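# Commentary on secondary and tertiary structure
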Amino acid sequence: QVQLVESGGGLAHTGGSLRLSCAASGFTFSSYAMSWARQAPGKGLEWVSGITSDGSDTYYADSVKGRFIISRENAKNTLYLQMNSLKPEDTALYYCAKCSLINYRCTSLGEKYDYWGQGTQITVSS
């Protein structure tokens, strides 16, 4: 069965950094594009970043561009999100998600995702 397990969440101060990981299993990880999305308290789901199956192209929401870096290590079936220059508005539950189509790219919540992780909490204090 497909599993996506996020880790690396926690507390950071404004301007600090955190690195999230998403361990994938149950499918050919290297064949699928992946995304990160987040949900802040009392707000809707926001697409954050996406990456192609081979890691050659990356995409970011304007709110995180220049601060966050998405990457993947296909040999380890792991997706990453390096978060730098953190702001209180980055506080949210972060999810990794699998694009449904092989070699597709997912650059918004309008794309087709078939599996989501359980989420990991990021809290940024001022």
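Residues numbered from 1 in each chain as written. Predicted model: local features only at pLDDT ≥ 70, side-chain atom pairs only at ≥ 80, totals over all residues. Heavy atoms only, no water.

## Structural notes on the pairing of strand S4 (residues 32-39)
Heads up, the rule is: Exposure classes here rest on a 1.4 Å probe applied to the protein chains alone. A residue is buried below 20% of its type maximum, exposed above 50%, and partly exposed in between. Secondary structure elements follow DSSP: runs of H or I of four or more residues count as helices, runs of E of two or more count as strands, with numbering from the N terminus. Pairing between strands requires that DSSP locate at least two bridges from one strand to the other.
Most of S4 is tucked away: seven of the eight residues are buried. Pairing analysis gives seven bridges linking S4 to strand S9 (residues 92-102), with the strands arranged antiparallel. Its bridge partner lying in S9, Arg38 is registered against Tyr94. Both S4 and strand S5 (residues 45-51) contribute to a ladder of six bridges, which runs antiparallel. Bridging across to S5, Gln39 finds its partner in Leu45. Counting the residues in the hairpin turn of S4 and S5 gives five residues, including Gly42, whose phi is positive at 75°.

## Focus on a nonpolar patch on the surface
Convention followed: By definition, no residue in a patch forms a salt bridge, and every one has over 30% relative accessible area; like charges are joined within 9 Å, nonpolar side chains (Val, Leu, Ile, Met, Phe, Trp, Tyr) within 5 Å. Each accessible area is a Shrake-Rupley estimate made with a 1.4 Å probe; only the visible protein chains count as cover when residues are assessed. What counts as a salt bridge is simple: a side-chain nitrogen of Lys or Arg found within 4 Å of a carboxyl oxygen of Asp or Glu.
A cluster of nonpolar side chains, contributed by Leu45, Leu109 and Trp116, occupies part of the molecular surface with about 240 Å² of accessible area. Residue placement: Trp116 occurs in strand S10 (residues 113-116). Classification of Trp116 as partly exposed rests on a relative accessible area of 37%.

## So, the pattern of salt bridges
Under the defined criterion, the tally for this structure stands at six salt bridges. In this structure, Glu46 and Arg38 form a salt bridge, with 2.8 Å as the shortest nitrogen-oxygen distance. Accessibility expressed as a relative area gives 29% for Glu46, which makes it partly exposed. Of the charged contacts in the structure, one is a salt bridge between Lys76 and Glu73, with a shortest N-O distance of 3.9 Å. We classify Lys76 as exposed; its relative accessible area is 55%. The exposure class of Glu73 is partly exposed, given its relative accessible area of 32%. Bridged by salt links that share partners, the residues Arg38, Glu46, Arg67 and Asp90 form one connected network.

## So, the nonpolar core
The test is simple: Residue types Ala, Val, Leu, Ile, Met, Phe, Trp, Tyr and Cys, when buried and joined through side-chain atoms within 4.5 Å, form a set referred to as a nonpolar core.
By size, the foremost hydrophobic cluster in this structure holds 34 residues, and its most contacted members are Trp36, Phe68, Leu79, Leu81, Met83 and Tyr94. Contributing elements (two or more residues each) for this core: strand S3 (18-25), S4, S5, strand S7 (68-73), strand S8 (78-83), S9 and strand S11 (120-125). Sorting elements by how many residues they give to this core places S9 first, with five residues.

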